[in-house]
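# Coordinate inspection notes
This is what each chain is made of:
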Amino acid sequence: MQNNKLFKGLLIALPMLALSACSSTSGTSTTGQGSNEASNGQAGSQQEVVTGAVKPVMSPEEQRKQHMADLRREHTIFFDFDSYNVRPEFAELLEAHATYLRDHPGVKVLIEGFTDERGTPEYNIALGERRAKAVKQYLEGLGVLDSQITLISYGEEKPLDAEHTEAAYAKNRRAVLVY
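### Quick word on the pairing of strand S3 (residues 149-155)
Pairing between strand S2 (residues 109-114) and S3: six bridges, direction parallel. From the neighbouring strand, Val-109 faces S3, where its bridge partner is Ile-149. For the handedness criterion, the β-α-β arrangement of S2, helix H5 (residues 121-141) and S3 is classed as right-handed.

### Re the packing of helix H3 (residues 60-72) against helix H4 (residues 91-103)
Relative to each other, H3 and H4 sit at 105 degrees, their axes nearing to 8 Å. Classified by the angle between their axes, H3 and H4 sit roughly perpendicular to one another. Residues His-67, Met-68, Leu-71 and Arg-72 of H3 touch H4, and the partners they reach there are Glu-92, Leu-93, Glu-95, Ala-96, His-97, Thr-99 and Tyr-100. Grouping the amino acids of the contact of H3 with H4 by side-chain chemistry returns five nonpolar, three polar and three charged.

### A look at the sheet that holds strand S1 (residues 76-78)
Taken together, the four strands give an open sheet; going across it, the order is S1-S4-S2-S3, and neighbouring strands pair in mixed fashion. With partners counted over all chains shown, the strands left at the sheet margins are S1 and S3, one partner each. Shown here is a sheet whose adjacent strand axes are inclined to one another by a mean of 20 degrees, direction ignored. As defined by bridge partners, S2 adjoins strand S4 (residues 174-178) across four bridges and the pair is classed as antiparallel. Paired with Leu-110 across the two strands is Val-178, which belongs to S4. H4 rests against S1, S2 and S4 of the sheet, and its axis sits at about 145 degrees to S1.

### Regarding the side chain of Glu-112
Inspection of the secondary structure assignment puts Glu-112 in strand S2. Buried within the structure, Glu-112 lacks any salt-bridge partner; its nearest side chain of opposite charge belongs to Lys-158, at an N-O separation of 5.7 Å. Leaving out residues up to four positions away in the same chain, Glu-112 has contacts with Ala-132, Ile-152, Tyr-154, Arg-174, Ala-175, Val-176 and Val-178.

### Thoughts on the environment of Tyr-100
Mapping Tyr-100 onto the fold places it in helix H4. Placed 31 residues apart in sequence, Tyr-100 and Ala-69 show a C-alpha to C-alpha distance of 8.8 Å. In this view, Tyr-100 contacts Arg-72, Val-107 and Tyr-179; residues no more than four positions away in its chain are not counted.

### Focus: the pattern of salt bridges
Think of it this way: side chains of opposite charge can pair up when their charged atoms draw near. Using the criterion set out here, one finds 12 salt bridges in the structure. Among the ionic pairs, Arg-118 bridges to Glu-166, the shortest N-O distance being 3.2 Å. With a gap of 48 residues between them, Arg-118 in the loop between S2 and H5 and Glu-166 in helix H6 (residues 166-172) connect regions that are remote in the sequence. Looking at Glu-166, the relative accessible area reads 52%, which means it is exposed. Across the pair Lys-136 and Glu-140 runs a salt bridge, and its minimum N-O distance is 3.8 Å. Separated by four residues within a single helix, Lys-136 and Glu-140 lie in helix H5, roughly one turn from each other. Exposure remark for Lys-136: the relative accessible area of 17% places this residue in the buried category. In this structure Glu-140 comes out as partly exposed when scored by relative accessible area, which is 28%. The network of salt bridges with shared partners includes Asp-116, Arg-118, Glu-166 and Arg-173.

What counts, and at which threshold
Residues numbered from 1 in each chain as written. Predicted model: local features only at pLDDT ≥ 70, side-chain atom pairs only at ≥ 80, totals over all residues. Heavy atoms only, no water. Pairing = 2+ DSSP bridges. Helix = DSSP H or I, 4+ residues; strand = E, 2+ residues; numbered from the N terminus. Right-handed = clockwise from strand over helix to strand, strands pointing away. Axes fitted to C-alpha atoms, helices over the stretch in contact; angles between N-to-C directions. Parallel < 35°, antiparallel > 145°, perpendicular 65-115°, else oblique. Contact = heavy atoms within 4.5 Å. Nonpolar A, V, L, I, M, F, W, Y, C, P; charged D, E, K, R; others polar. Buried < 20%, exposed > 50% of the residue type's maximum accessible area, 1.4 Å probe, protein only. Lys, Arg positive; Asp, Glu negative; His and termini not counted. Salt bridge = Lys/Arg side-chain N within 4 Å of Asp/Glu carboxyl O.

Here's what the structure looks like:
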């Protein structure tokens, strides 16, 4: 019977201890008050331990390699209407692919050239080829071997988006690196 009264007294006292420990702002320490409770499991439900929240710190070189690997996941270079000039926004992407190809001289890449549906089929095949060649020249300028690169033009034959809108046309004006 006496144990039962003691237990009820602890249930009343525990919330008070938790409140006093949490509300202290005077800088005084409350060491010893909650340590026994936490160790014997009585206050464990109010405390959570989060593990695995810290990411490993990468060196600048590791960060650069990871960034290049992330860039290489993208294989598409887009072009402006009736143009085969590689846009500056694709420089870093092509640098990542060039670095990979230089580091792996046995790897070959196929560059596919595409256009939107505007223009004659003959003109579009030629424009798709000029786009693929432009990407090839860009990569070769970055040190990729000619023997690693093959070209093909599909012109308007394999659109990404078959709709007849400016947005669809923009998606279809592209070159794609295929490993």
